Amino acid sequence: MSPTRTSLRTLCAVLCGFTLACVTSPRPVAQTTESQAIDSTGAARSSVSAETLPVADAKADDSAGQAPATSEQAVAVDENAQAPAADAATAEPPPPPPLAPEVVDAFSEALSALAADQPEVALSKFQSAAGDDPRTAVAHHNLGLLLERAGDMAAAEEAYKKSLALDPNQKAAAQNLARLHLRQNRAREAIEFFESLRSQAKPTGAIHDALATLFVETGRVEDAIASAKAALKIDEMDTAAMSLLAQAYFLQERHELALLVLGNALAISPGDPVLANQQGIVLLAQGKRQEARTLFQKAADAQSDFPEAQSNLGALLLAAQNFRAAAEHLELALKYAPDFVEARINLASAYRGLGDFAKAKALYEQALREKPELAPDIEFNLGILHLDARDTGMPLLEQLEKAKAHLNTAQELRGDELTETYLKDADKEIAREKRRLAREERNRLREEKRKAEEAAAQAAAEVEAQAAAQAGEQVAPEAEGSAPQSEASAESGAAPVSEGETAVSDDSRVSGEGVDGAGDGQSGATADATLTEVGNLPGTADEEGQGTPADSAVTEEEAR
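Read on for a plain summary of the structure. Each chain has its residues counted from 1, running along the sequence as written. In keeping with the predicted nature of the model, local features appear solely for residues at pLDDT of at least 70, side-chain atom pairs appear and are counted solely at 80 or more, and the whole-chain, interface and lining totals rest on all residues. Remark: hydrogens and water are excluded; side-chain values derive from all non-hydrogen atoms of the structure.

Some details on the overall build of the protein chain
Then, number 1: Secondary structure is summarised from DSSP: a helix means a run of H or I of at least four residues, a strand means a run of E of at least two, and numbering begins at the N terminus for each. Scanning the protein chain from terminus to terminus reveals 27 helices and 2 strands.
Then, number 2: Each residue gets one of three labels from its accessible area relative to the maximum for its type: buried under 20%, exposed over 50%, partly exposed in between, using a 1.4 Å probe on protein chains only. Here the protein chain, with 560 residues, has 41% of them falling under the buried criterion.
Then, number 3: Residues are treated as being in contact if the distance between any of their heavy atoms lies within 4.5 Å. The long-range fraction of contacts in the protein chain, counting pairs at least 24 apart against all pairs at least 6 apart in sequence, stands at 56%.
Then, number 4: For the protein chain, the accessible area works out to roughly 29,300 Å², and carbon and sulfur atoms hold 52% of it. Residue exposure ignores everything except the shown protein chains as possible cover, and the areas themselves are Shrake-Rupley values with a 1.4 Å probe.

This is the structure in structure tokens:
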């Protein structure tokens, strides 16, 4: 694959709802618009409430700032009161007794443990602080939030419900309970639960807000607007209701009206990270990406345990291919919301951009198990992951075939042109890899043949050399056997003479011995020379007619 074509397969962050959740769609930025990407799936979670538990009800304090009465004192005052009967009828009930010091201390210690990033300690302390007193409703809410982060959804749901039972005005508990049901695809059950609470004589703003959240998430926009306005009639400063009203307007594509409502809410609560995050989503829908990113950053900085803000910021960083920073924010989102599947998909895409095949694959597959309805996009992501990744530990052809399989599944579920384009890419890559493997196989066979031929030639040469060596060994003993015969002739004082030849004189034999002693190890050669001399008998002459030394010796003898 060419680097140029691979780099075009950028990951685009797709915001999956005005209510703060994001999902990654790995389509090229040029082919994706934010309006296509936004829908209404997902919702924000509130943070842990840091409000302190009251030591005693403020109504127990007198105008002089006296210490609150104990339970015994409160009863005594009530029994000894001498007020007129009319005043007694209108008198307010006595204040509740102060909370036990150990309950207040446990709540305070839980908040300190959270600040020290010790969630397990905080969970234990909130459990100690969560009692049956309505003033501990906030402790039950915090307990529910920590249980949700720990993945114990059933226990979290019970804690939220306990918080609402103790204090129906617990807006955070109502919102988190509604959103917990939404993430579990239990919207209808949640609506029935809150509608039953709304049927009470005096429904609270928290109940209206929860219903507005559920209606926004299920697309019942008009019902959402009605519920948000009902909450505002109870409390015109209810910024949560304003936020929900803005969300409903956003779904109606009334962006300017949504921004107007959010502006009013921010005037009441200037530092509210949820409102800032929602503003960012509206601006993103208007194509104001940089302004949106600034607001997401502001919301994430203001509240680190705001998973939707972290995910939205991570999604935009992902779209900008700042994979490392995106991964950091998306990991925070999952730290505070382990069931945030859309953030998990975004994080997988960030790891994909970082080239970490194993982590990306594991996260995509986990998201697919957790939310099968997102299979079209997840299968597409898995296809692109296998198509582009390197160093996966599997043969490239196998990897490309897996890419094609995922893309085929995505095509069956999505049926879009983009998936078809990548399927064609996969086919090309597979054909190219098959050709490469075929070339390698031909080269391998050719090399094997060459090596076999070389080995055969070498073996033949070795056989030939061995045969030559054996022949040489047979010749050598024959040459060595001639030397003893010459030596025996020398010792006997006579040279071997052929039949019919005359023996050489003693002087000639002595002369022959001198020749024999002329060279060490030349006995064979000496024997040949002696035979030659014996061949020149007296009375013979060389080619020039001159006598040999033997002739001269005979002449001198005759002269004597």
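Further notes follow.
Thoughts on the packing of helix H8 (residues 153-166) against helix H9 (residues 171-183)
Then, number 1: Axis lines are fitted to C-alpha atoms, over the contacting stretch for helices. Their N-to-C directions set the angle, which ranges from 0 to 180 degrees. For the pair H8 and H9, the least separation of the axes is 9 Å and the interaxial angle reads 145 degrees. Seen from above, H8 lies across H9 with left-handed handedness. Contacts between H8 and H9 involve Met153, Glu157, Tyr160, Lys161, Ser163 and Leu164 from the first element and Ala173, Ala174, Asn176, Leu177, Leu180 and His181 from the second.
Then, number 2: Polar here means any residue outside two lists: the nonpolar Ala, Val, Leu, Ile, Met, Phe, Trp, Tyr, Cys and Pro, and the charged Asp, Glu, Lys and Arg; Gly therefore counts as polar. Tallied by class, residues from the contact of H8 with H9 come to 7 nonpolar, 3 polar and 2 charged. Less than a right angle of anticlockwise turn of the near helix away from the far helix marks a crossing as left-handed, whereas a clockwise turn marks it as right-handed.

Digging into the nonpolar core
Then, number 1: Buried residues of nine kinds, namely Ala, Val, Leu, Ile, Met, Phe, Trp, Tyr and Cys, make up a nonpolar core once their side-chain atoms join them within 4.5 Å. If you look at the biggest cluster of nonpolar residues, it comprises 104 residues, and the most contacted ones within it are Phe126, Phe194 and Tyr364.
Then, number 2: Excluding its chain neighbours within four sequence positions, the residues that come into contact with Phe126 are Val48, Phe107, Ala110, Leu111, Leu114, Ala139, Asn142, Leu143 and Leu146.
Then, number 3: Leu400, Leu407, Leu423 and Ala426 belong to the second-largest nonpolar core, a separate cluster that totals 13 residues.

Describing the packing of helix H20 (residues 357-370) against helix H21 (residues 375-388)
Then, number 1: Where H20 contacts H21, the axes come no closer than 10 Å and their chain directions differ by 165 degrees. Between H20 and H21, the angle is such that the two are roughly antiparallel. In the crossing of H20 with H21, the sense of the turn from one axis to the other is left-handed. In this structure, H20 contributes Phe357, Ala360, Lys361, Tyr364, Glu365, Ala367 and Leu368 to the contact, and H21 contributes Ala375, Ile378, Glu379, Asn381, Leu382, Leu385 and His386.
Then, number 2: Residues of the contact of H20 with H21, tallied by class, amount to 9 nonpolar, 2 polar and 3 charged. In these notes the angle categories are as follows: under 35 degrees is roughly parallel, over 145 is roughly antiparallel, 65 to 115 is roughly perpendicular, and the rest is oblique.

Examining a positive patch on the surface
Then, number 1: On the surface, Arg435, Arg439, Arg442 and Arg446 cluster together into a positively charged patch.
Then, number 2: Along the chain, the position of Arg439 falls in helix H23 (residues 417-480). Exposure above 30% relative accessible area and no salt bridge define the residues that can form patches, which grow by joining like charges within 9 Å and nonpolar side chains of Val, Leu, Ile, Met, Phe, Trp and Tyr within 5 Å. Take a side-chain nitrogen of Lys or Arg and a carboxyl oxygen of Asp or Glu: if they are within 4 Å of each other, that pair is a salt bridge. When charges are counted, Lys and Arg are positive and Asp and Glu negative, with His and the chain ends excluded. Charged side chains are reduced to one point each, which is NZ for Lys, CZ for Arg, CG for Asp and CD for Glu.

Points about the environment of Ala113
Then, number 1: With respect to the element layout, Ala113 can be found in helix H5 (residues 101-115).
Then, number 2: Linking Ala113 and Lys125, residues 12 residues apart in sequence, is a C-alpha distance of 8.7 Å.

Interpretation in functional terms is not warranted from these geometric data alone.
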